[in-house]
Each structure stands twice: as structure tokens, then as C-alpha cells.
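Understanding the architecture of this molecule
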Amino acid sequence: MSARGQFSSRLGFIIAAAGSAVGLGNIWGFPTQVASNGGAAFVLVYLLLTFVLAYPILMAELTIGRYAQSNMANALQKISPTSLGKIVGKTAGLWGLAVVSLILSFYAIVAGWMIAHCLQAITEIIGWHQASQWLIEFSITRNLIFCILFSLLTISIVCRGVSDGIERWSTRLMPMLLILIVSLILYVSSLEGASAGWEAYLVPDFSKILTPDLLISAMGQAFFSLSLGVGTMLIYGSYINKKENIVLLGASVALVDIGIAILAGMLIIPAMYVALHNGVTIFTDAGELIDGDRLIFTVIPQLFQAMGVAGNYVSLVFFVLMTIAALTSSISMLEVPVAFTIENSKLNRYKASWLIGSIIMLLSSTLIFNFEHLFGFVISLTTQYSQPLLGLVLCIYAGWVWRRNSILEELKQGCPEIESSFFWKIWPNYVRIVCPIIIIVMFYQTTFA
Ligand code: PHE
């Protein structure tokens, strides 16, 4: 047993990393983007971008992490031959750490709402209508209680370590997630109105395919969805055994992430049209499908209500699904600052998890008390601005700073034939040139255009 944590098996890694990738981003972000951006046309662009942009960066993170056997700040220092490179690398690593902590601080609030909605379904079933009402109403107390509850769950998993905490819980929760999502798809498809939803989802509207808006949305989505830029995949990569073929492992994670996003679309879009059939408003005044929090906390619950008694059970299953998706992602977020602390101080994992977890709970509370000013701001600061820029830094380190021979040596472990593979012919120049260009263009478009 090495002193560092390690995933106990190949499958364990795939499930844990897929658990990180599959989150609220897939189950609520992806489906509505599909609906408002030309249905299957968006799915195609998204698939393409995942493999053209996100997968190469995922590989950069996994390879750097496994080589350096450490967190992003230490790893980027390690692969830089020059002292300037080391300073910039460390700064970028710390920036990633700050960004992922901020992402967790808002993610925990949203995930807390999911838990509140699970309980609401239960209180409805047993007839506690007042409690029900309180659980779904926006209030500081409710937000605080459930955010703290979710954070405690996250901390209690991370403090157990890589294989006994993260891997064990991901392998328990991810199959449940899959079962729940498939059961819900089957149920919703059997309801009246669902077929119009399938049509909206599966018939591509190619007139929207090349609009800058669609491309940018798809890129942002691919980035957030694969948990890129902030050192999550890098630290997970550092826990992969040297005998494993990380090119294949990375591809499996990307495929599972896409697969679950597509499944989520098969659930949410038909569900919206079933809601429409039941008289629920699903379009905004401008004629676009309602998305974001109004979709999840208004349209979908209205659908459950319209289903009568069965609706409470379906609602429970739906919000349990959301909570599970959020939890397997939040543990991967917390692991980033926790691993950094363990590797750079004398604190053990248990203490580090509780200490960092508490700091992040304080951040979440600050967001809750200043919701209107801070919540949206932190989301765009982290996901829209920081994640792409950090992705760019990672490409520069993998493509320009790190010596190519050393990358090859690292990849050869677990895959001796890599040098003659298609991957090795394409990938190095890809992360060196193509990915940075795509990110710069995207960043320019979202920020200045
Ligand atoms: N990928 C996660 C989701 O789709 C979010 C995430 C972002 C997780 C960054 C870890 C790091 O919900």
C-alpha cells in the first residue's frame, strides 16, 4: 500500500471520476440547453466538442496528475523546468483550488435545495402540508440548514479517504443514479404528451447549429461537465495506478459523462412536454423553453403535482437522483483543497477534511446571507471566466512547458504501444495549439463580444 491514497481498481476510478463529471451540470444544465439550442443538433455539437476540446484537456489533467503524484499546485511546479514556470504553475494551482472551493460553496446550496425537495415529497406523502410548504419556500433558514446538511455528508465521505470514502460511495451511488434515471425515463415516456418531447429532443434543427451562441454554450457545458480546469481530474489522476492505461480510462469517463447527459435529456425534455400537456407553462413569454432554476423548482414540481398522489413518489425519486448526482460531484470538489492541505501541511486527512469543509460552509453561508449580490456573481466568476482560463493554463503546461519525452514516458506506463498510436499522433499538438485557440476564441466571445 502506498502512503498516498489510490483507487483500488480500474472500475473504481472510472466510476468515481464519472461521478465527479456527472452532476447537476448534466441533469439540469444539459437538457435545457438541448431544448433551446436546436435539439439533436446541440447534442451533435456537444459530442464533437467533448472529444475535440474537453477530452484532450481531461487527458492533460490525468497525465500530469499521475506523473506528479500530487495536487495541481505542486504538480505544475514539478513539471516546469524554469523558476518562472514554477511560480506561475503554483499560482494557477492555488487559483484552481480557490475556484473549486467557490464552486462547491454554491453547489452545496443548490444541492441543499434538492435534499429539501426530497423531504418535501415525504412530508406531502404523510400529509404534513405546512412543513411541505416551508421546505419549498426560499428562506435563509431553510437554505442554511440544508446546505450544511449536504456539506456534512460531503465531508463525512471525503474524510474517509480515496478508496474507503470517495471510491466506495461513488460505486454505491452511481449504479443507483443509473437505475433511477432509467426508471424515470420509462415512466415519463409512458405518459401522454411525452412524444412531443421526444420529437423536440431528437429532431435536429440544423439552422441553429453554427450560431456562436450554440457553440459557446456547448463548450462551456462540456468544460463544466467534465469538471475541468480546477484540478479535480488532476488529483483523481494522481490516484490511478501506474499500470493502468489512462488514455482508455479518460475516454471511458468522457463517454459515461456524455451518456448520462443524453439520458438526462431523454428524461427532462419529454417531462416538460408532459407538463405542457397537463396545462403547465413551459415556455417563456419570448417563446423559449423555461430553463435553470425555474425549470427544476417550478415546472418539474408542477408536473409532479398534476400527477396526483403518484406525483409525490415520482418527485421523491427525482430529487434523490439529483442529490446523488450532486454528492458524487461535491466529494470530488472537496478533495482538491483537502489533498492540497494534506500534502502541504502536517494535518491528517480527517482534520483537513473537517477544517476545509467548515471553511467552505462559511463561504456558502456568506452566499446565503448575500444571495442576490453574490450567488450569480460567484457562478459566472468561477464557471464562465475561471474554468476556461485555467483550462488554457493546463494546455500550456501540457503542451509547451512539460517536456514531451517525459509525457510519453508517463503515458507508456500502462500502455507501452502508445508511441505508435493514433492518440499520440494527434494529442500533443492538439493540447499545444488547437485547444488553446478554441479556448481563447470562446473566452473572447463570452467576455467581450
Ligand atoms: N461536473 C460537475 C457537474 O456537472 C461539476 C463540477 C465542476 C465538479 C468542477 C467538479 C469540479 O455538475
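Residues numbered from 1 in each chain as written. Predicted model: local features only at pLDDT ≥ 70, side-chain atom pairs only at ≥ 80, totals over all residues. Heavy atoms only, no water.

**Points about the site of the ligand**
Among the 16 residues in the neighbourhood of the ligand, the closest are listed as A21, G25, Y107, F224 and S225. Contact distances for the ligand include 3.0 Å between a nitrogen atom and a backbone N or O atom of A21. Within the backbone of G25, a nitrogen or oxygen atom sits 3.0 Å from an oxygen atom of the ligand. Burial of the ligand by the protein amounts to 100% of the accessible area it has alone, namely 320 Å². Of all the secondary structure elements, the ones that give two or more residues to the shell around the ligand are α1 (10-21), α2 (24-36), α10 (212-225) and α14 (309-344). (Near = heavy atom within 4 Å. Polar contact = N/O pair within 3.5 Å; in protein donor to acceptor, adjacent residues only side chain to side chain. Areas by Shrake-Rupley, 256 points an atom, 1.4 Å probe, with all protein chains shown as cover. Helix = DSSP H or I, 4+ residues; strand = E, 2+ residues; numbered from the N terminus.)

**Structural notes on helix α13 (residues 292-306)**
An ideal rise of 1.5 Å per residue puts 21 Å on 15 residues; α13 measures up with 21 Å between its terminal C-alpha atoms. Three or more residues of α13 are buried, namely L295, I296, F297, V299, I300, P301, L303 and F304. Turning to α13, the residues buried within the fold contact α2, α5 (83-125), α12 (246-277) and α14. Phi for G308, located one or two positions after α13, is positive at around 75 degrees. (Expected span 1.5 Å × (residues − 1). Buried < 20%, exposed > 50% of the residue type's maximum accessible area, 1.4 Å probe, protein only. Contact = heavy atoms within 4.5 Å.)

**What to know about the side chain of T328**
Note that T328 resides in helix α14. Within the structure, the side chain of T328 is placed 3.0 Å from the backbone oxygen of G19, a separation counted as a polar contact. In this view, T328 contacts G19, S20, V22, S170, L173 and M174; residues no more than four positions away in its chain are not counted.

**Brief notes about the pattern of salt bridges**
As enumerated under the stated definition, the model contains 7 salt bridges in all. A salt bridge links E343 to R4; the nearest nitrogen and oxygen atoms lie 2.6 Å apart. Pair noted here: E343 is in helix α14 and R4 is in the segment before α1, with a separation of 339 residues, a long-range link. For R349, the salt bridge goes to E335, with nearest N and O atoms at 2.9 Å. (Salt bridge = Lys/Arg side-chain N within 4 Å of Asp/Glu carboxyl O.)

**Quick look at a nonpolar patch on the surface**
Taken together, the side chains of L119, I122, I125, I126, W128, V309 and Y313 make up a nonpolar region of the molecular surface, amounting to roughly 690 Å² of accessible area. Those elements giving two or more residues to the nonpolar patch turn out to be α5 and α14. Per-element accounting of the nonpolar patch gives the leading share, 3 residues, to α5. For W128, the position within the fold is in the loop between α5 and α6 (129-136). The exposure class of W128 is exposed, given its relative accessible area of 54%. (Patch = residues over 30% accessible without salt bridge, like charges linked within 9 Å, V, L, I, M, F, W, Y side chains within 5 Å.)

**Quick word on the nonpolar core**
With 157 residues, the main nonpolar core has F13 and F318 as its most contacted residues. Counting residues per element, this core draws most heavily on α12, which supplies 18 residues. Dropping the residues within four chain positions of it, F318 is found in contact with L184, L267, I268, I296, I300 and F304. (Core = buried A, V, L, I, M, F, W, Y, C linked by side-chain atoms within 4.5 Å.)

**What about the packing of helix α3 (residues 40-68) against α12?**
Look at α3 against α12: their axes get within 9 Å of each other, and the N-to-C directions meet at 140 degrees. The angle between α3 and α12 falls in the class oblique. Every pair of crossing elements has a handedness; the one defined by α3 and α12 is right-handed. When α3 is examined against α12, the residues V43, Y46, L47, T50, F51, Y55, L58, M59, L62, T63 and R66 are found in contact with a partner set consisting of I246, V247, G250, A251, A254, L255, D257, I258 and I262. (Axes fitted to C-alpha atoms, helices over the stretch in contact; angles between N-to-C directions. Parallel < 35°, antiparallel > 145°, perpendicular 65-115°, else oblique. Left-handed = near helix turned anticlockwise from the far one by under 90°.)

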